Amino acid sequence: MTAMQPIRAKRFPADARVTMSHGGGGRATSELIASVFAPHFANPLLEQGHDAARLDRPAGRIVVSTDGHVISPLFFPGGDIGSLAVHGTLNDVAMGGARPIALTAAFVIEEGFPLANLERIAASMGEAARRAGVPIATGDTKVVERGKGDGVFITTTGIGVVPDGVEIGPDRLAAGQAILLSGTLGDHGVAIMSQRQGLEFETTITSDSAALHRMVADMVAAVPGIALLRDPTRGGLSSTLNELVEGTRLGVLIEEAVIPVKGEVASACELLGLDPLHIANEGKLVCICEEADAETLLAIMRSHGEGTDAARIGTVTAEEPGFVRMTTAIGGTRIVDWLSGEQLPRIC
Amino acid sequence: MKYVEEFRDRALAEKLSAAIRAEADPVRSYNFMEFCGGHTHAIFRYGVQDLVPANVQFVHGPGCPVCILPIRRLDDAIELAERHGVILCSYGDMLRVPGSKRRSLLSAKAQGADVRMVYSTLDALDIARQNPDRQVVFLGIGFETTTPPTALAIRQAADEGLTNFSVFCNHVLTPAAIRHILDAPDIDPDEAVHLDGFLGPSHVSTVIGSKPYEFLSETYRKPVVIAGFEPLDVLQSVLMLIRQVNEGRVEVENQYARVVTREGNTKAQDLVDEIFELRPAFEWRGLGMVARSALAIRPAYAAFDAEARFDLSDKTSREVKSCECPAILRGVKKPKDCKLFGTVCTPDNPMGSCMVSSEGSCAAYWTYRRAETLAEMAKDKAMAEQAA
């Protein structure tokens, strides 16, 4: 996509497939870009037609984050690899307290991949980026031989700007701070599992894949002193919390009864022997803040569609450093451990 | 989920907890063995220990199907996949259990063996139908709960005339193992774990009923309460056991009456009886040879018996030295008594089977009670050093 040549879009037959020449860098590559990607990604940065997109320098500090997406299946209830690749990277940028200003996208496509599916993915990416108000500024397309990939892999990079006065980071954690969660756990992972071969089950659960940067912008504007934001993706809430306290002088105490989990997700977890705390999310965040700011932030989260089920789930403590402890549903306690091994590969 | 949440109600749990505290005699102790790994998991997952007084102790039994498969049989399964080139189908938990030289089915798979995780025996049958030119072996493990599905798969394969499907049968029987544990102190006085009663299996009992445990009260004079797997089931069953002990009663009581009957599921029992017969003895990891404790495929179905179909080599299978899994499975030791616990042996890097399955004691202590366990280990070590 970098070298936008004056090649016009072409109508491919409905059953057309990606060939090695689409990745060869010649006319076929340009045709593919002009026909499949450009119509959906259209924006002034991309249309500069340079090898590198040129952005005006914004005020504030820059953050940058990158994420490879290898999810299987490519299309799932509530999204697809395209929208996921946009949301996932926007959220990583937003977790720095930043406002995302541009995305890049690199595609590794397997020879033989149906062009109709590629277009569907490009359309979904374009739509997700447009809704988020963040342009895909530049990109790259490569094709690998049949059997050397699995359909399509997408790597996206996001650039964002952090407002002055916002200092989000694990070094800001302190005992007594409140732990907030923006909504229900496990929706993404269960939606993906329900589609996996050998495991298919009927469910109305859809992935929570969503961009969180607008909610974060409002949170950061109201409470610039937020200590930490994290999106509990692979490994779920348990990995996010364990990462924060492992090797530190702090621990965490959470309350099982107030952690939001949809009934259907809880049922699927029962059946499959999984813990919702270990399951991936793609549209949720954990916010750690001073006790006094908790109610303000919860109200802001709940005013956004992505945060309607936001809840205060626990507290940072100085007792039991390095451990995440949970009061269980029946009033006992236990450690919440990291996910051991691999629950399900290629979840994002 | 409503049906499940009712059995996790905090107010009810607190009521049961109060009743247990009120009725447990503070001057004596109550050691109850929960045979099933499912109970072990529920106890840890919900922190049930926190709701009972310190003199009520859970002794964890060997009822974790993955944990008790002897290392030799696991080595055989690896050999089937590697030397005989079969597609080996297994339930997921089994894949990570280390065999001899710490090789697991998962490491065999990484080195090219065709090992596949299945969720049901029917998935394994599907794989056989889809691969008519390959031999497909299902690694059958587990107690009376998982045996009927294996029996069903064999009968279905026979009905369809599948010639490329067989089962490597390791199905075991619960009552024989309980008897063995109770006889153990007679065999070896060091193994004298004093038990005041048993939390009886829940899912196993749905199949075999409560009748097969009656020898426990009749011959061994031990109270039994068949208990469901939910935390309130466990608490209520503990209260029922305490009452039996306090009143000097010795009975098989059924807390899990919403599912378990005295006779069990006779249709499933008939199916199992059609396909399987009793082995004279079978090795259990931790318990050694246990008489009449496992099933083999009947000669009439030998065509579906992987042990009859494939020539398995003689091998000397060895456990990791100083791994305490065997003693832990007998209830003689606790995970904190193992030198390897938490140092070289963790769920990410298991040395013994008890650290692999979520139903294994070591995995339960590590995952749910690590902070307390490590603190106790440090205390024990300090005391030992002081004594020295």
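Because the structure is predicted, anything quoted here is derived from the model rather than measured.

## A short note on the overall build of chain A
Inference 1: In terms of regular secondary structure, chain A is built from nine helices and 13 strands.
Inference 2: Against the globule reference of 20 Å for 348 residues, chain A gives a C-alpha radius of gyration of 21 Å, in line with a compact fold.
Inference 3: Across its three principal directions, the C-alpha atoms of chain A cover 65 × 50 × 35 Å.
Inference 4: Every one of the 348 residues in chain A was classed for burial, and the buried ones make up 49%.

## With respect to the domain arrangement of chain B
It is common to report an interface's size as the accessible area lost on association of the parts.
Residues and elements named next belong to chain B.
Inference 1: We note that the domain assignment places domain 1 (1-324) and domain 2 (325-387) within chain B.
Inference 2: Sort the elements by how many residues they give to the side of domain 1 that touches domain 2 and helix α3 (residues 37-45) lands first, with six residues.
Inference 3: Residues that form the side of domain 1 that touches domain 2 fall into these classes: 16 nonpolar, eight polar and six charged.

## As for the environment of glycine 288 of chain B
Inference 1: Turning to its location among the elements, glycine 288 of chain B is positioned in strand β12 (residues 288-291).
Inference 2: Along the backbone, glycine 288 of chain B and valine 66 of chain B are 222 residues apart, and their C-alpha atoms lie at a distance of 15 Å.

## Here's the deal with the domain arrangement of chain A
All names here are of chain A.
Inference 1: By the assigned domains, chain A splits into domain 1 (20-162) and domain 2 (170-335).
Inference 2: The C-alpha centroid of domain 2 is placed 28 Å from the C-alpha centroid of domain 1.
Inference 3: Listed per partner, the contact involves 18 residues of domain 1 and 21 residues of domain 2.
Inference 4: Those elements giving two or more residues to the side of domain 1 that touches domain 2 turn out to be α3 (81-94) and β4 (99-110).
Inference 5: Counting residues per element, the side of domain 1 that touches domain 2 draws most heavily on α3, at eight residues.
Inference 6: Along the lines of polarity and charge, the residues of the side of domain 1 that touches domain 2 split into ten nonpolar, seven polar and one charged.

## Here's the deal with the nonpolar core
Inference 1: Judged by nonpolar contacts, the single largest core of 222 residues is most densely connected at Val152 of chain A together with Leu88 of chain B.
Inference 2: Sequence-distant contacts of leucine 88 of chain B, defined by excluding residues within four places in its chain, comprise Ala77, Leu80, Ala81, Leu105, Asp114, Val115, Val137 and Leu139 of chain B.

## Notes on the interface of chain B and chain A
Inference 1: Listed as interface residues are 26 residues of chain B and, on the opposing side, 21 residues of chain A.
Inference 2: Only α2 (10-23), α3 and α16 (361-387) of chain B provide two or more residues apiece to the side of chain B that touches chain A.
Inference 3: Sort the elements by how many residues they give to the side of chain B that touches chain A and α16 of chain B lands first, with five residues.
Inference 4: For the side of chain B that touches chain A, the class distribution of residues is twelve nonpolar, four polar and ten charged.

## Focus on the sheet that holds strand β4 (residues 115-117) of chain B
Residue and element names in this part refer to chain B.
Inference 1: Strand order across the open sheet formed by four strands is β4-β3-β5-β6, with parallel pairing between neighbours. Pairing within the sheet leaves two strands with one partner each, and these edge strands are β4 and β6 (165-171). Strand after strand, the sheet turns through a mean of 25° between neighbouring axes, direction not considered.
Inference 2: As paired strands, strand β3 (residues 87-90) and strand β5 (residues 136-142) are joined by three bridges and run parallel to one another. Note on β5: the bridge partner recorded for cysteine 89 is phenylalanine 138.
Inference 3: Of the strands in this sheet, β5 and β6 are in contact with helix α8 (residues 147-160), which crosses β6 at around 160°.

Procedures and definitions
- Residues numbered from 1 in each chain as written.
- Chains lettered and ligands numbered in written order.
- Predicted model: local features only at pLDDT ≥ 70, side-chain atom pairs only at ≥ 80, totals over all residues.
- Helix = DSSP H or I, 4+ residues; strand = E, 2+ residues; numbered from the N terminus.
- Rg over C-alpha atoms; globule rule 2.2 N^0.38 Å.
- Buried ≥ 20, exposed ≤ 12 C-beta atoms within 10 Å, placed from the backbone.
- Domains from an automatic or database assignment.
- Nonpolar A, V, L, I, M, F, W, Y, C, P; charged D, E, K, R; others polar.
- Contact = placed C-beta atoms within 7 Å.
- Core = buried A, V, L, I, M, F, W, Y, C linked by C-beta atoms within 7 Å.
- Pairing = 2+ DSSP bridges.
- Axes fitted to C-alpha atoms, helices over the stretch in contact; angles between N-to-C directions.

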